[in-house]
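# Structural characterization, general
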Amino acid sequence: MLPVKLVDVVKTFTLPAETQEQTVIDGVSLEITASDSVAFMGPSGSGKSTLLNLIAGLEQPSSGQIFLGKDELSGLAARERERLRLQSLSYVFQFFHLLPTLTTLENCALVAIEQGQRGIDEIIDETHTTLKLLGLEGAAHKRPGQLSGGMQARAALARALVSRPKIILADEPTGNLDSKSGEAVLDLLFEQQRERRFTLLLVTHDESAARRAQRTVRLRDGRLLS
Ligand SMILES: Nc1ncnc2c1ncn2[C@@H]1O[C@H](COP(=O)(O)OP(=O)(O)OP(=O)(O)O)[C@@H](O)[C@H]1O
Ligand SMILES: [Mg+2]
């Protein structure tokens, strides 16, 4: 778990074909306590993914500050930021971003190996245990292309869990699933959040998914509502 704090964060983009600057995140201040699960909701284009990318350090704010625990992201050198991201954060994407040429087992073990904190045998053991926990024991040696959408979503979640993150950022992890598979993935996500106690930031369009979180934060045109 890791608290997250945003202080007056602004993000502007200028598209190559345009001269006008577009303000995508418009002065967002927000405190998320370590034990929180937070749902981010808002219309398409309201800045939800951008906000998650800023928190993950994948984008730099145009102004303002973002703290992960005590670390202020823009105060860190790029290498330190990368290290913090690798050791503390996991991202679950809408399209899962599993590497197509690797097996599920390899996909899930890769980040943990890259972290360099644990031996390979231990990581492989933990990966098998996690896959089993998520009902994917039969998928360990299959490639993502051989898995259903729901299985790919669970594999993406398994990959996130194996790296033992302090924060999981999930950007519409069930956006491409039928409602039954989506429910199953959310059940697992929130069950694991309670058990492993990571901070959970979940972007969703689904009110019932958002109700599972302790808090809902609503965005409109890059600003927080209320
Ligand atoms: N790298 C970028 N370069 C330029 N503009 C961008 C970039 N990333 C996002 N934007 C713009 O920022 C705005 C917010 O995008 P963002 O993807 O954060 O919205 P969102 O709330 O996640 O929407 P959705 O629900 O459709 O995923 C959009 O107008 C988008 O075009
Ligand atoms: Mg988005």
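Residues numbered from 1 in each chain as written. Chains lettered and ligands numbered in written order. Predicted model: local features only at pLDDT ≥ 70, side-chain atom pairs only at ≥ 80, totals over all residues. Heavy atoms only, no water.

## Thoughts on the overall build of the protein chain
Note the cut-off: Every helix listed is a DSSP run of H or I at least four residues long, and every strand listed is a run of E at least two residues long, numbered separately from the N terminus. Radius of gyration: C-alpha atoms only; globule rule: 2.2 Å multiplied by the number of residues to the exponent 0.38. Working definition: with a 1.4 Å probe on protein chains only, accessible area under 20% of the residue-type maximum means buried, over 50% means exposed, and in between means partly exposed. Contacts are residue-level and defined by heavy atoms, with any inter-residue pair within 4.5 Å sufficient. Areas reported as accessible are Shrake-Rupley estimates using a 1.4 Å probe. Residue values count occlusion only from the protein chains shown. Charge assignment in this entry is limited to Lys and Arg as positive and Asp and Glu as negative, and neither His nor the chain termini are counted. Throughout, a charge is located at the NZ atom of Lys, the CZ atom of Arg, the CG atom of Asp or the CD atom of Glu.
The secondary structure content of the protein chain amounts to seven helices and ten strands. Against the 2.2 N^0.38 benchmark of 17 Å for 226 residues, the protein chain shows a C-alpha radius of gyration of 17 Å, consistent with a compact globule. Expressed as a percentage of its 226 residues, the buried residues of the protein chain come to 50%. Put simply, 71% of the contacts in the protein chain that link residues at least 6 apart link residues at least 24 apart. Taken as a whole, the protein chain presents about 11,100 Å² of accessible surface, with 49% of it coming from carbon and sulfur. Taking the average location of the 26 positive side-chain charges in the protein chain and that of its 28 negative ones, the two points are 3 Å from each other.

## Quick look at helix 5 (residues 149-162)
Let me state the cut-off plainly: Under the convention used throughout, the expected extent of a helix is 1.5 Å for every residue step, that is, one less than its residue count.
Taking 1.5 Å of rise per residue, 14 residues should cover 20 Å, and helix 5 covers 20 Å from first to last C-alpha, within 8% of that figure. Of all 14 residues in helix 5, twelve are buried; the element is thus mostly enclosed. Buried residues along helix 5 sit against strand 6 (89-92), helix 3 (104-115), helix 4 (120-133), strand 7 (167-171) and helix 6 (179-196). Downstream of helix 5 by a residue or two, R164 has a phi angle that is positive, lying close to 45°.

## Quick notes on the packing of aromatic side chains
For clarity, the cut-off: Centres within 6.5 Å make a pair out of two Phe, Tyr or Trp rings, where for Trp the six-membered ring is used; the pair is then stacked when the planes are under 30 degrees apart, edge-to-face when over 60, and tilted otherwise. Ring-over charges, as used throughout, are those where CZ of Arg or NZ of Lys falls within 6 Å of the ring centre and within 35 degrees of the ring normal.
In the structure shown here, the tally under the stated rule is one aromatic pair. Between Y91 and F93, the ring centres sit 4.4 Å apart and the planes meet at 0°, which makes this aromatic pair stacked. Directly above the aromatic system of F67 lies the positively charged group of K5, at a separation of 5.7 Å from the ring centroid.

## Points about the pattern of salt bridges
Note the cut-off: Each reported salt bridge corresponds to a side-chain nitrogen of Lys or Arg within 4 Å of a carboxyl oxygen of Asp or Glu.
All told, the structure shown has ten salt bridges when counted by the stated rule. In this structure, the salt-bridge partner of R164 is E122, at a minimum N-O distance of 3.8 Å. Taken as a pair, R164 in the loop between helix 5 and strand 7 and E122 in helix 4 lie far apart in primary sequence, 42 residues in all. Under the relative-accessibility criterion, E122 is labelled partly exposed at 41%. With a closest N to O distance of 2.9 Å, R212 and E183 form a salt bridge.

## Things to note about the nonpolar core
Test applied: Definition used in this section: a nonpolar core is a set of buried Ala, Val, Leu, Ile, Met, Phe, Trp, Tyr and Cys residues joined via side-chain atoms within 4.5 Å.
L131, L134 and I168 are the most contacted members of the largest nonpolar core, which totals 34 residues. Elements represented by at least two residues in this core include exactly strand 3 (37-41), helix 3, helix 5, strand 7, helix 6, strand 8 (199-203) and helix 7 (207-211). For L131, the contacting residues outside a window of four places in its chain are T104, L105, C108, L136, E137, A140 and A158. Counting residues in each nonpolar core, the second largest holds 29 residues, with V9, L30, V203 and L219 among its members.

## A look at the sheet that holds strand 10 (residues 223-224)
Here is the rule: Note on pairing: two strands pair once DSSP finds at least 2 bridges between them.
Reading across from one edge, 6-7-8-3-9-10 is the order of the six strands in this open sheet, with mixed pairing throughout. At either end of the open sheet lies a strand with only one pairing partner, and these are strand 6 and strand 10. In this structure, strand 7 lies alongside strand 8, joined through five bridges in parallel fashion. Residue pairing across strands places I168 opposite L200, the latter belonging to strand 8.

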